[in-house]
Every structure is written in structure tokens, then in C-alpha cells.
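# Observations on the model geometry
Below are the chains, spelled out letter by letter.
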Amino acid sequence: MLADLPPSHTESDGSAVVRVLSYNVRSMRDDVGALARVIRACAPDVVCVQEAPRFFRWRKAAARLARTSDLVYVTGGATASGPMILSSLRATVERTEDILLPRTPGLHQRGFATAVLRFGRARLGVLSCHLSIKDEERYGQGKLLLDTLAGLGVPHAVAAGDLNDRPDGRTFGLLADALQDGWATKPWGREHTTRLGDPLQRIDAVLATEGVEVLGCGVPMGLPGVAERDLRAATDHLPVLAALRIPAAS
């Protein structure tokens, strides 16, 4: 049985321990009940979703996922071409922005869902992403991700998503050079994020700016309430869960 990460809480100095989950949900084409059970078992404060529904009645599908996961919709979905952010009621939403990225003809439109959330005196910028399958476009999107994160105007931020790149790839390397790679900083749980039975790869990540303390990060396989059958049924990626300590704003 996997030992749990620190629970969400606010400390005496005003800093906040925040649980962030990154999850590619494959447009909710699989078992939504299993998906919601996995999310609930992870007890996240923030969920960075990739491949959220984008077409007919997408808002209804997003609301369903939020409701069944005991969360609320913050931003994204079709308006960000797939990335989406959900949160618990613990978070106060200060502002949101969905950004569509420059598109290479013949490739999918990509985007970022972004928000600034407050947990008491701690403020956290959040960016959910799903980067391109093509190296050149992906690298350009990695540069835009760093620019966008810096442009949120808060000292502490997290980017989470499906990078479509491995740690030895140049885009993953670009991001890990500028940000803390959660798994590399404080590994916890399982490393690889591809579907069980597929070739072992870590292509999903939670990355944090300097000053954020990573208390643990990885795939929550073996966490109480996270059943392997649900991980297999929910989608074709495994989720990444991180516990982060966010300093109080001065």
C-alpha cells in the first residue's frame, strides 16, 4: 500500500499545502465513473485536465466531471482546445485566461488553460497544457509555456500536463531546466505515466517554479482508493499527483 502524500492544509505561517493532479482524460470517452473515483481518491485541490471534451455539449461534460469528482469548473475545455482546470472549494479564483497557441497547418490546435488561485494567504498560478506531438512545434510551445507562466504575475506557479515528450527530450529538458520537475525533485509513487501495459514512458508531469516546495510527486498507483481496475478503465494515461507547499504572499 502506498503511503499518502501530506493532506491539504494551511500552516501557521500562512503557507498552504496544495495537492495538484494532472490527468489526460481522453475526452471522457472511457469509464467516467472510474475516472471520477480516481480523482476523488487523490483528494486534489487543483486538477489540470488534458483532452477535456471540446465539441458538442462540452460544457455539460465538464460540469459532469467536476460534479462527480466533488470539484468545481474553473476554466478551459473547448476554449483552450482541450486543457482545463478544476478545483476544490478550498480555492478562491482570482482570475482565469484561456490561450490558443499558434497552429501549424495540418496539426491539432493547442492551447493553455490558466488561472490564479488563492488558498488563504498563498497565491498560486496554474497552467494546464497538452503539447504537440511534433518536436519543432512542441519546443516552441514549451517556450510559450514559460513566458505564459512568468506572465501570470505571481511568484509561485505550477504547470502540469501531457508534454508528449520524455525527460531526455529537448522540450522536457527546456522546462525542467527552468522549473522543478516534480518527480525528479521528490519522487513518490510510480514514475511512468503511459497506460498500464504500454511501453514505459514518463510524458506527463507537474512542474513548479522556484520557491514552491515539492513534498512528493508521482503516479498514485497503490494509494488507498485508487484501484488498478479504475486506472485501466478511466483513460489511456495515468494521473500524476503532487503535494506542494506554497509560501504565503508577503
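Refer to the structure above for everything that follows.
The following paragraphs examine the structure supplied in this document. What you see is a predicted model; the values in this text were computed from it and never measured.

Moving on to the pattern of salt bridges. Tallied over the entire structure, the rule returns 17 salt bridges. Of the charged contacts, one joins R123 and E94 as a salt bridge, the two residues approaching to 2.8 Å between their closest N and O atoms. Here R123 is found in strand β8 (residues 122-130), whereas its partner E94 is found in strand β6 (residues 92-100), with 29 residues between them in sequence. When its relative accessible area of 25% is taken as the criterion, R123 is described as partly exposed. A salt bridge links D168 to R166, with the nearest nitrogen and oxygen atoms 3.9 Å apart. The exposure class of D168 is exposed, given its relative accessible area of 68%. A residue is classified by how much of its surface remains accessible, and R166, at 42% relative accessible area, is partly exposed.

Here the focus is the nonpolar core. Y23, L35, I39 and L86 are the most contacted members of the largest nonpolar core, which has 32 residues in total. Put simply, the parts of the chain that give this core at least two residues each are β2 (16-24), α1 (32-42), β3 (46-50), α2 (58-68), β5 (84-87), α6 (228-234) and β13 (240-246). Of the residues forming this core, the biggest block, 6 residues, is contributed by α1. When near neighbours in sequence (up to four residues on either side) are disregarded, L35 contacts Y23, V25, M28, L65 and A234. By size, the runner-up hydrophobic cluster in this structure holds 27 residues, among which are V18, C48, V158 and V206.

Moving on, we get to the environment of G142. When you line up the elements, G142 lands in helix α3 (residues 135-150). On the accessibility criterion, G142 (0% relative accessible area) is buried. With 33 residues separating them along the chain, G142 and L175 place their C-alpha atoms 6.7 Å apart. Residue contacts for G142: discarding those within four places in its chain leaves T171, L174 and L175.

Conventions and cut-offs
- Residues numbered from 1 in each chain as written.
- Predicted model: local features only at pLDDT ≥ 70, side-chain atom pairs only at ≥ 80, totals over all residues.
- Heavy atoms only, no water.
- Salt bridge = Lys/Arg side-chain N within 4 Å of Asp/Glu carboxyl O.
- Helix = DSSP H or I, 4+ residues; strand = E, 2+ residues; numbered from the N terminus.
- Buried < 20%, exposed > 50% of the residue type's maximum accessible area, 1.4 Å probe, protein only.
- Core = buried A, V, L, I, M, F, W, Y, C linked by side-chain atoms within 4.5 Å.
- Contact = heavy atoms within 4.5 Å.

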